[in-house]
Amino acid sequence: MHRNLEAEIESTRKELMTIAGQKGLASIETLKISEVLDRLINEYNSRERIPGQLEGVEN
């Protein structure tokens, strides 16, 4: 399942680059895809955390 999320992130990133190149960085379409990419990356990062590790505290 982790690989599927990585593939989805990469696909969405490519889509973002294409749309941003065509419509500009401030277009509604670009912003919507950027939000989707942010959510995917946040989900990926939350799965990467080590159980029991405190955020912001170095071991």
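Residues numbered from 1 in each chain as written. Predicted model: local features only at pLDDT ≥ 70, side-chain atom pairs only at ≥ 80, totals over all residues. Heavy atoms only, no water.

(A) How the structure looks around the environment of Ser-11. Mapped onto the secondary structure, Ser-11 falls in helix H1 (residues 2-23). Distance in space between the C-alpha atoms of Ser-11 and Leu-37 is 9.4 Å, their sequence separation being 26 residues. (Helix = DSSP H or I, 4+ residues; strand = E, 2+ residues; numbered from the N terminus.)

(B) Here's a closer look at the nonpolar core. Leu-5, Ile-9, Leu-16, Ile-19, Ile-33, Leu-37 and Leu-40 together form the largest nonpolar core, which totals 7 residues. When contributions to this core are tallied by element, the ones reaching two or more residues are H1 and helix H2 (28-48). In terms of residue count, H1 provides more of this core than any other element does, 4 residues in total. Each residue touching Leu-5, except ones within four places of it in the same chain, is listed here: Leu-40, Glu-43, Tyr-44 and Arg-47. (Core = buried A, V, L, I, M, F, W, Y, C linked by side-chain atoms within 4.5 Å. Buried < 20%, exposed > 50% of the residue type's maximum accessible area, 1.4 Å probe, protein only. Contact = heavy atoms within 4.5 Å.)

(C) Structural context of the side chain of Thr-12. With respect to the helices, strands and loops of the structure, Thr-12 is situated in helix H1. Judged by its relative accessible area of 8%, Thr-12 falls in the buried class. Thr-12 has contacts with Ile-33, Val-36, Leu-37 and Leu-40, leaving out every residue within four places of it along the chain.

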